[in-house]
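Overview (structure and organization)
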Amino acid sequence: MDIINIKFFNNHSVSKNNEIICFPYKKTEALFYYLVINKEASRDELVNLLWEDSKECTAKKNLRNAMYQIRKVFDMDIIISPKKSTVSINSQIHIKTDLNNFLNKEDVYFENGKCEFLKGLILKNNENFNWWINNERQKYKDMNIDKLYNKTKSLMKKRKYEDALVCAKAFMNEDEFDERAYRALMNIYYEQGSFYKAINLYYKLEKMLDSELGIKPDDNTYKLYEKILNEKNISQIELKKQSLFYYRDEEVKYILDNHNKFIKGKDSKPILITGEFGIGKTKLKNEIINNINKKDCYIVDITCYEGERDSLLKPWNDILINLSKIIEDQKIYIPKSWKKNIDTIFPVFDINYDNYEKLDMLKLESIKNTIVNIVEKVSVHKKIVILVDDIHWMDKTSINLLESLLIRQDNVSLIATVRASCEYNIDRFKNFMFKNEKLINTRLKRFDQKQVYEICKSKISKYKFNKKIADKIYKESEGNIFFINEIIDNIDNQNKGEISDKSIQMIKSVLVDLSFESIKILDIASIFLEGFNTNILKLITGKPEIELIDFLDELERKNIIKEDVYSGKNKYVFTHNKLRKYIFNKQSNTKKRIIYEKIEYIFNKNSDNIKHDILFSKLKGFNCNIKPIKENNVVLKN
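Residues numbered from 1 in each chain as written. Predicted model: local features only at pLDDT ≥ 70, side-chain atom pairs only at ≥ 80, totals over all residues. Heavy atoms only, no water.

**A few points about the nonpolar core**
- Formed by 46 residues in total, the largest nonpolar core has its most connected members in F8, F32 and F74.
- For this core, the secondary-structure elements that each account for two or more residues are β1 (3-7), α1 (26-38), α2 (43-50), α3 (56-74), β6 (86-89), α4 (98-104) and α5 (127-157).
- Here F74 is in contact with I4, V14, K16, I21, F23 and F32, once residues within four sequence places are set aside.
- Within the second largest apolar cluster, 43 residues are counted, among which are L364, M394, I399 and L414. (Core = buried A, V, L, I, M, F, W, Y, C linked by side-chain atoms within 4.5 Å. Buried < 20%, exposed > 50% of the residue type's maximum accessible area, 1.4 Å probe, protein only. Helix = DSSP H or I, 4+ residues; strand = E, 2+ residues; numbered from the N terminus. Contact = heavy atoms within 4.5 Å.)

**A closer look at the environment of Y474**
- When you line up the elements, Y474 lands in helix α19 (residues 467-477).
- Considering only alpha carbons, one finds Y474 and Q449, 25 residues apart in sequence, at a separation of 6.2 Å.

**Quick look at the packing of α1 against α3**
- Interaxial distance between α1 and α3 falls to 9 Å at its minimum, and their mutual angle equals 80°. In terms of orientation, α1 lies roughly perpendicular with respect to α3. Listed contacts from α3 to T28, L31 and F32 of α1 are L63, A66, M67, Q69, I70 and F74.
- Partitioned by chemical class, the residues of the contact of α1 with α3 number 7 nonpolar, 2 polar and no charged. (Axes fitted to C-alpha atoms, helices over the stretch in contact; angles between N-to-C directions. Parallel < 35°, antiparallel > 145°, perpendicular 65-115°, else oblique. Nonpolar A, V, L, I, M, F, W, Y, C, P; charged D, E, K, R; others polar.)

**What about the pairing of strand β2 (residues 13-16)?**
- Pairing geometry for β1 and β2, over 4 bridges, is antiparallel. When the bridges of β2 are listed, N5 appears paired with S15.
- Hairpin geometry of β1 and β2 is characterised by an intervening segment of 5 residues between the two adjacent antiparallel strands and by a positive phi of about 60° at N10.
- The sheet contact formed by β2 and strand β3 (residues 19-20) spans 2 bridges and is antiparallel. Bridge pairing links S15 to I20 in β3. (Pairing = 2+ DSSP bridges.)

**Things to note about the sheet that holds strand β12 (residues 440-443)**
- Strand order in the open sheet made by the 5 strands is β9-β10-β11-β8-β12, with parallel pairing throughout. Of all the strands in the sheet, just β9 (297-303) and β12 have a single pairing partner and so form its edges. Shown here is a sheet whose adjacent strand axes are inclined to one another by a mean of 15°, direction ignored.
- Note: strand β10 (residues 383-389) against strand β11 (residues 412-419), 5 bridges, orientation parallel. Note on β11: the bridge partner recorded for V388 is A416.
- Contacts between helix α12 (residues 281-291) and the sheet are confined to β8 (271-275), β9, β10 and β11, with β11 contributing the most and set at about 155° to the helix.

Shown next, in the form of structure tokens:
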């Protein structure tokens, strides 16, 4: 007996005895699917459905031809006309469809967007058919959502929370605006004791509904939110302070998904978390640690420091200290010769050799190989995740060893943070890993104005908070979370100082190791409020443009300045205005006076060449006794 198989969902297809049927044109395909679903239809109904704009005689002729073509490709009378006025599918032919399974079996449902009915089947200039197929798509999508919802409830009743979690997330992916999915997930998190996750999810829903639809969550969702707050005795303000991290939920999910692939032995890659100073790289890394199941892997967490960049293999000393504890706790056998070799420079295993051997290149290679052997030995028992804060301060030998290990060993992964201003320190490592498709770079962006508003609203006392304050904090912080928190702390402590000691130390760490000439250029550049170009620097310093470009490249490489591509002018700006303010304020009044007088002289001398492409810093309020330049925007020819 011939068997016809039909797939309606996702990538639709028709086969006869496992051989794919190809329809001669789309309307024959559309006619066939319509009849399979409806079993029978009148000729007038089909003519109106598929040939709505044709004359009646032409439309009926087209219908007869389409029926003939369908019989021909199937090589059987699969379409019959028991009455002259009707057309139907031959009930004697055995037809199997995924739609029948979907309609008749409660446990059959689709995930990950695979419930699209007859995906891509649209007829041009045919409103009647397209209206019908879109209705069918929505009908089956709604049915699939209901099935996922019912399955989630069933799993929760059986306390199978992990399975219910997967099902609820699939439910949410099908319709992000269906609040039943959010309530189901909130209940699952609550039952698992992850009440902060439940509340974060509510905030996510609240934000999404407000931005997309301009509405608030419905009463049932809000009551569940209040129930979780009240039963766990959590202050809403306190909770929001701890929940600010939800603004990085996409990055957390992405990195955790990559980590889970690593644990399951699937295709995963080490990850660099990159961003400017104070953007939240370490916070993100710590959030990842909190969400990693410690039963699945060994966690080795270290921090590299600027002053140790010239210390040979110092980060590996810290890694080996972590590993030695694991080796001791898990009673992992390590040959004594390996321990002795390591103790040549690291007294990690307490072998107590009094006279350490002098280190030469051969000995160094031997030690590096031993480190690799120890890591591989430990990773056989359980996979290892190495977390490195500020990997840009790692010495070259250490990073080469890490690179070699990650390339060779599938049981070791890396999550590391790197500051954008120091990214050039690990360029060779990045390029090599990218070339071998062994690295993912996750770059953190600043928060936008709406996110800063929400952060301020949750962290500032309601008696002090208003939109004007939030807007000011956004302008001052430019969306950098470090400065957001610093400014909010100043408000809470009634400290009017714009730059705290903590901020100054953070900024100083960005400006470290700059050449003397680059520092001089920054001093001049800080005078300009909204950017500067090489022309003004050339006139002030007397240096040729080609020489200035080298210093500007250094500053750009260290993420202190950047080209202002949005202005459409040949102009540089500081990456953060706090940097400009700090550099400006740290200069003596005498130095600023000299720079101002020189700029004033140049502008007056070149007055005929002034164009509107550079905004000169206004001198109003400057406490030196020199004649201030007019407040009009003073500009220089490019």
